[in-house]
Amino acid sequence: MIKKNAGRWLCAAWATGAVLTVMLGAAGPTLAKDALNIGMGLEPPHLDPTAGAAAAIDEVVYANLFEGLTRIDETGTVRPGLASGWEISADRKTYTFTLRDGVSFHDGASFEASDVKYSFERAMAEDSTNAQKGLFEAIDSVSAPDDGTVVIALKRPEGNFLWNMGWGDAIIVDPASADGNKTNPIGTGPFKFERRVEGDRVQLTRNADYWGAAPAMASLTFKFIPDSSAQVAAVLAGDVDIFPNMGAPETLGQFEADPRFNVIIGTTEGETLLVMNQRRELFQDKRVRQAISHAVDKQAIVDGAMFGYGTPIGSHFAPHNAAYVDLTGVAAHDPEKAKQLLADAGHGEGLKLVMKLPPPRYARGGGEIIAAQLRAVGIEVEIVNVEWAQWLSDVFKGNHDFDFTIVSHTEPLDIGIYTRKEYYFGYDSAEFDAVMDEIKETADPEGRTALYGKAQQILADDAANVFLFQLAKTGVKSSKLSGTWENAPIQANDMTGASWQ
Amino acid sequence: MLGFLAHRALGMLGALFVASLVVFIVLDILPGDPALLMLGIDATPEALAALRAEMGLDLSAIERYLGWIGGVLRADFGTSLTYDVPVITLIQDRLSVTLPLAIMSFILAVVISLPLGLFAATRQNRPGDYMTMGFSQIGLAIPNFWFGILLILVFAIQLQWVSAGGFPGWEEGWLAALGALMLPSIALAMSEAAILTRMVRASALDCYREDYVRTARAKGLGERAVLWRHVLRNMMIPVLTLMGLQFAFLVAGAVIVENVFYLPGLGRLLLQAIFQRDLVVVQNVILLLAALVVLVNFTVDVLAAWIDPRPKVLR
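Residues numbered from 1 in each chain as written. Chains lettered and ligands numbered in written order. Predicted model: local features only at pLDDT ≥ 70, side-chain atom pairs only at ≥ 80, totals over all residues.

**Concerning the overall build of chain B**
When helices and strands are tallied, chain B shows 13 helices and 0 strands. Going from the N terminus to the C terminus, chain B shows its helices and strands as α-α-α-α-α-α-α-α-α-α-α-α-α. Looking at the 315 residues of chain B, the share that counts as buried comes to 42%. A fraction of 70% describes how many contacts in chain B between residues 6 or more apart in sequence connect residues 24 or more apart. (Helix = DSSP H or I, 4+ residues; strand = E, 2+ residues; numbered from the N terminus. Buried ≥ 20, exposed ≤ 12 C-beta atoms within 10 Å, placed from the backbone. Contact = placed C-beta atoms within 7 Å.)

Now the structure itself:
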């Protein structure tokens, strides 16, 4: 009796299993030809690029949904955006922008000069929560003489002004919808907000009333997949068509051999640094900083922590930039010289220092390798792993309680951070500050290039930090997809040119 | 029974109060500034101060605690610091993934383990028993996230029957939604079923050894009646307690499997909120989970009292 009964139970269990299997089959994925699924590792907190620093916000909305007066393209060149053109006064302190005609916001409101005035004044206001308020620092006043013209007066010439206006933090919003942009973004771009499922995805659809050329894609779906093995599975299963920044570089090999996929290796604006806290007396001695620079083998870190993806650098500048100077020779790997410099500085008996590492693999993986390299020259490193929240409060702000940290500075053209006296690494050089001031006043490209070269040289000679490598952009896309960015001059996933072959 | 219920209800409230205090204090001690995280490394001090005021972080700890509890009592759970949407909608959205997932895995685990455990118990020390226990040992040894990855490899990548993860949402139709939850629920159910099978078998064996079973058999009751009337009822109390624990775990502890299948569940919401220092979300989600565990325990106690109404469980 029992036997029979148990058998029946089992039958029921297996039958349930069979039903489940049938249902699995019924829920297969479908792929329309004009839809694009984009995978991202980090989820944006909200969707308003004027109220948050998270790169993930721009990676969804920049160029796709929101537009600024200018825009930055794949090569890092400044192009006209909502302004079709501009005139710069002789003293380079007045910019007159001509706005495009017939532009409207996604809610139907028309785009006018007053919107530009409103957007910039909102970003500059006292209670503004713009994460890049510094972009607007040079602006003295914004005026709108007529609907199609904006005149911006600067306090002083600002060589990067047009570039600054191309950032996601400087996009143009409409007064009526600005406060709701975090959850219901209303922009002027070729795609408009459809819906968001927090923790899963953001969907955008084609804006039929777009002022420019209509995009090939009818819809964009950004899917957020933090786990690196789940990212690989999602690409292999066809759930996402492009994953511009994959979490684990060692997984790229399996895509290279597969004709269904293209591996994209591009450059980013991320200068990865071994930061030395120059508020510590020890690191105010240039010989100590130089010793540590010579002790570190950059290529070994790129190979060991980043699977070979990344370019060693010698100063705080991106190799793909026209003004880049190769200074990797200044602090070539030379443990003997490092030991000598340490002995000269009076630390021949060795040092014991603390390295605080944020979560990214370049930091956690790179930190282990650097600790071993420093041990070889007599420096014992205690590694302390911290989360971003803790890194920001303990290392970046607050008491700056660290000796070393590793971090990638991903803002474009951010060499100017070395002029900030309150900045967390505490670098201070009057010579460098003078060069940077000169750059701000210099408009001609050749003069600027020369000055940027000079600035890079000062940082390298000073061993201001250990400049490790330029972070690579390692991604995968469907081989049938074209028109997407290879490099990332700004943190964005501009899908306006993407199309299926 | 009424006194028992009142007593338990008071205990529940006390537990929730303590949980709220512990959560708040721990979060207050935790280093990290939500405003700084939101605005990043280039933020100006004024922008940070403005955001802190907007987030209510410039108030004292006591003011913030009272504000939170006062809100909860009025069913107002506040607004997420990072997402800028009401916490209650966030939790509802996540529960619409996590609860069905927990219920599906729970049903699956029960449907597998009850018959298997009873089957093994009735065949103690015979091949059927050894096989069942062998399977359960394997089920225990396999980590659920690894089993999940295996399922993805077979059903999503090789066969391409399902997506590798994600959740389309219930508005895309219940079939699509259930389909997305199928693999994760199997991955989650596996080890739960393995544990439960062993528990069912052990409890059933204990009951079979009891005098009342011998008496029942002696008075000529068939094996089926012995199982249904005597064994099943008596063995259910320890099994029920374990089931309660397992259900609470499935709701609160599925975060690793949620990550493997990138499901927008409650566990991932909590994890992300901790990293983002979204204190409002963390506080309320933990309070909700505490309430849920308390509620599940309460239900188990009531069920146990109903199955076995002898006074000892009414303590």
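**Observations regarding the pairing of strand β14 (residues 351-357) of chain A**
The two faces of the sheet receive side chains in turn, since in a regular strand these alternate between them. All names here are of chain A. Bridge count for β14 against strand β15 (residues 379-385) is 7 bridges, and the pairing is parallel. Counted as the bridge partner of Leu351 is Ile379 from β15. Read as a crossover between parallel neighbours, the route from β14 over helix α11 (residues 361-375) to β15 is right-handed. Sheet topology note: the β14/strand β16 (residues 404-409) ladder contains 2 bridges and is parallel. Note that in β16 the partner of Met355 across the bridge is Phe404. (Pairing = 2+ DSSP bridges. Right-handed = clockwise from strand over helix to strand, strands pointing away.)

**Structural notes on the interface of chain B and chain A**
Listed by partner, the interface residues are 63 residues for chain B and 57 residues for chain A. Mapped by element, the contributors of at least two residues to the side of chain B that touches chain A are α2 (34-39), α3 (45-55), α5 (87-122), α7 (144-158), α8 (174-208), α10 (223-252), α11 (255-260) and α12 (266-275) of chain B. Among the elements that take part in the side of chain B that touches chain A, α5 of chain B stands out by supplying 9 residues, more than any other. Among the residues making up the side of chain B that touches chain A, the classes are represented as 38 nonpolar, 14 polar and 11 charged. (Nonpolar A, V, L, I, M, F, W, Y, C, P; charged D, E, K, R; others polar.)

**A closer look at the environment of Thr268 of chain A**
Along the polypeptide, Thr268 of chain A turns up in strand β12 (residues 261-276). Each C-alpha atom, one on Thr268 of chain A and one on Asp146 of chain A, is 39 Å from the other, the two residues being 122 residues apart in sequence.

**A look at helix α12 (residues 388-396) of chain A**
Within α12 of chain A the residues assigned to the buried category are Ala389, Trp391, Leu392, Ser393, Val395 and Phe396 of chain A. Buried positions along α12 of chain A lie against β14 and β16 of chain A together with α2 and α12 of chain B. One or two positions beyond α12 of chain A, positive phi appears at Gly398 of chain A, with a value near 65°.

**A few points about the packing of helix α8 (residues 286-295) of chain A against helix α10 (residues 335-344) of chain A**
Residues and elements named next belong to chain A. Interaxial distance between α8 and α10 falls to 8 Å at its minimum, and their mutual angle equals 160°. With respect to their mutual orientation, α8 and α10 come out roughly antiparallel. Between α8 and α10 the crossing geometry is left-handed. Along its contact with α8, which presents Arg287, Val288, Gln290, Ala291, His294 and Ala295, the element α10 presents Pro335, Lys337, Ala338, Leu341, Leu342 and Asp344. Classifying every residue of the contact of α8 with α10 by side-chain character gives 7 nonpolar, 2 polar and 3 charged. (Axes fitted to C-alpha atoms, helices over the stretch in contact; angles between N-to-C directions. Parallel < 35°, antiparallel > 145°, perpendicular 65-115°, else oblique. Left-handed = near helix turned anticlockwise from the far one by under 90°.)

**Let's talk about the sheet that holds strand β7 (residues 149-154) of chain A**
Residues and elements named next belong to chain A. Spatial strand order, β4-β5-β7-β6: 4 strands in an open sheet with antiparallel pairing. The outermost strands of the open sheet, each flanked by one partner alone, are β4 (83-88) and β6 (139-146). Ignoring strand direction, the axes of neighbouring strands in this sheet form an average angle of 20°. Bridge count between β4 and strand β5 (residues 94-99): 5 bridges; the pairing is antiparallel.

**Some points on α5 of chain B**
The terminal C-alpha atoms of α5 of chain B, which comprises 36 residues, lie 50 Å apart, in line with the 52 Å expected from a rise of 1.5 Å per residue. At Leu95 of chain B, α5 of chain B shows its strongest bend, of approximately 35°. (Expected span 1.5 Å × (residues − 1). Bend = angle between axes of the 7 residues up to and from the residue.)

**Some thoughts on the confidence of the model for chain A**
Close inspection of predicted coordinates is inappropriate in any region flagged by low pLDDT. Put simply, chain A has an average pLDDT of 89, and 94% of its residues get 70 or more. Here residues 1-31 of chain A is modelled with pLDDT under 50, and outside its nearest four sequence neighbours on either side it reaches 43 contacts, counting other chains as well. (pLDDT = per-residue confidence, 0-100.)

**Thoughts on the environment of Thr419 of chain A**
Residue and element names in this part refer to chain A. Relative to the helices and strands, Thr419 resides in the loop between β16 and α13 (430-441). For Thr419, a count of 17 C-beta atoms within 10 Å puts it in the partly exposed group. In sequence terms Thr419 and Ala430 are 11 residues apart; their C-alpha atoms lie 8.6 Å from each other. Setting aside residues no more than four positions away along its own chain, Thr419 makes contact with Phe432, Asp433 and Met436.

**Regarding the environment of Gly365 of chain A**
In this fold, Gly365 of chain A is placed in helix α11. For the pair Gly365 of chain A and Met306 of chain A, spaced 59 residues apart in sequence, the C-alpha separation works out to 8.1 Å.

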